[in-house]
Amino acid sequence: MKDCIFCKIIKGEIPSSKIYEDEKIFVFLDVNPSTNGHMLIIPKEHYQDLFSIDENLIIHAVKIIKEKLYPLMRERLHCDGLTISQNNGFGQEVKHYHIHVIPRYQNDQSNITYNQDIILPIDQVYSILKRK
Ligand code: AMP
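Residues numbered from 1 in each chain as written. Predicted model: local features only at pLDDT ≥ 70, side-chain atom pairs only at ≥ 80, totals over all residues. Heavy atoms only, no water.

(A) Molecular detail of the site of the ligand. What surrounds the ligand is a group of 16 residues, the closest being Asp30, Asn87, Glu93, His98 and His100. A distance of 2.8 Å is found between an oxygen atom of the ligand and a side-chain nitrogen or oxygen belonging to asparagine 87. Glycine 91 is positioned such that a nitrogen or oxygen atom in its backbone is 3.1 Å from an oxygen atom of the ligand. Out of a free accessible area of 510 Å², the ligand has 86% covered by protein chains. Tallying contributions element by element places helix α1 (residues 5-11) first for the shell around the ligand, with 3 residues. (Near = heavy atom within 4 Å. Polar contact = N/O pair within 3.5 Å; in protein donor to acceptor, adjacent residues only side chain to side chain. Areas by Shrake-Rupley, 256 points an atom, 1.4 Å probe, with all protein chains shown as cover. Helix = DSSP H or I, 4+ residues; strand = E, 2+ residues; numbered from the N terminus.)

Below you can see the structure in the form of structure tokens.
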């Protein structure tokens, strides 16, 4: 969709820290992470929210979280758990369906007000996740 920031990220018109991509979804680091490694999963096709998206895409996204993203977070970031959230309408800043995939650490204060002192620069997290 024209004027959608996430559609522009998919097309490469706006830069992003891409973690994973396939024919259906695109995954990148959130620019304002709640914890180190906070990712967003978006469908390549534009859907506004939970009420309009093709449910098969959600099933696919969950599979990718379980099989690829969480194992990567565990291996590279040594996280202790995972929080998944998804906003619709009120609280939804970007009107292109997205799932927040937030690795959790024992020292991250265990609620949504995380400790910003331990947030690393996004480039640093990206290079840890993507190094060969
Ligand atoms: P929500 O409130 O669920 O709509 O969350 C939108 C998220 O998108 C926020 O966590 C933002 O930090 C994130 N965000 C917005 N613009 C960008 C961008 N250009 N690259 C990466 N993340 C973004």
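(B) Focus on the nonpolar core. Membership of the largest hydrophobic core comes to 25 residues, with the highest contact counts inside it found for Ile19, Val27, Met39, Ile41, Leu69 and Leu129. Broken down by element, this core gets its largest block of residues, 8 residues, from helix α2 (residues 55-77). Residues within four places of valine 27 in sequence aside, it is in contact with Ser17, Lys18, Ile19, Tyr20, Met39, Leu40, Ile41 and Leu69. Ile10, Phe26, Leu40 and Val94 belong to the second-largest nonpolar core, a separate cluster that totals 10 residues. (Core = buried A, V, L, I, M, F, W, Y, C linked by side-chain atoms within 4.5 Å. Buried < 20%, exposed > 50% of the residue type's maximum accessible area, 1.4 Å probe, protein only. Contact = heavy atoms within 4.5 Å.)

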